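So the chains spell out like this:
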Amino acid sequence: MDKPAIHSLYYAMDIAEDLQSFSYIQKENVMDQMDRYNFAAGNWAPSLEELKAKAFSILLFLTGEDEATVSQMIFDAEKND
């Protein structure tokens, strides 16, 4: 999947520093450090629905947590959505 063009919007997950929670965000691609990190880590999608579909695998990769913890993180995020 090609990354979004400069100044276009994309969706990503903003993961808390303690790696125990996250939120879905919409971000403009300005190719700052956060954008480069998101694209390199695969933490982005053109739509919120696509991001939610791959949230489990992204969180497993980025947090290093086990499947039960990641499942709970997603459950908590959806509950607060």
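About the cut-offs
- Residues numbered from 1 in each chain as written.
- Predicted model: local features only at pLDDT ≥ 70, side-chain atom pairs only at ≥ 80, totals over all residues.
- Heavy atoms only, no water.
- Phe/Tyr/Trp six-rings, centres within 6.5 Å; stacked < 30°, edge-to-face > 60°.
- Helix = DSSP H or I, 4+ residues; strand = E, 2+ residues; numbered from the N terminus.
- Buried < 20%, exposed > 50% of the residue type's maximum accessible area, 1.4 Å probe, protein only.
- Lys NZ or Arg CZ within 6 Å of the ring centre and 35° of its normal.

## Observations regarding the packing of aromatic side chains
Here is step 1 of the chain: In total, this model carries four aromatic pairs according to the counting rule given.
Here is step 2 of the chain: Between the aromatic rings of Y10 and F39, the centroid separation amounts to 5.0 Å while the plane-to-plane angle is 50°, which identifies the pairing as tilted. On the criterion of sequence distance, the pair formed by Y10 in strand β1 (residues 9-15) and F39 in helix α1 (residues 33-41) is long-range, its members being 29 residues apart. Assigned by exposure class, Y10 and F39 land together as buried.
Here is step 3 of the chain: Judged by centre distance (5.2 Å) and plane angle (90°), the rings of F22 and Y24 are edge-to-face.
Here is step 4 of the chain: Using a relative accessible area of 9% as the deciding quantity, one classes F22 as buried.
Here is step 5 of the chain: What makes Y24 buried here is its relative accessible area of 18%.
Here is step 6 of the chain: Over the aromatic face of W44 sits the side chain of K54, whose NZ or CZ is 5.9 Å from the ring centroid.

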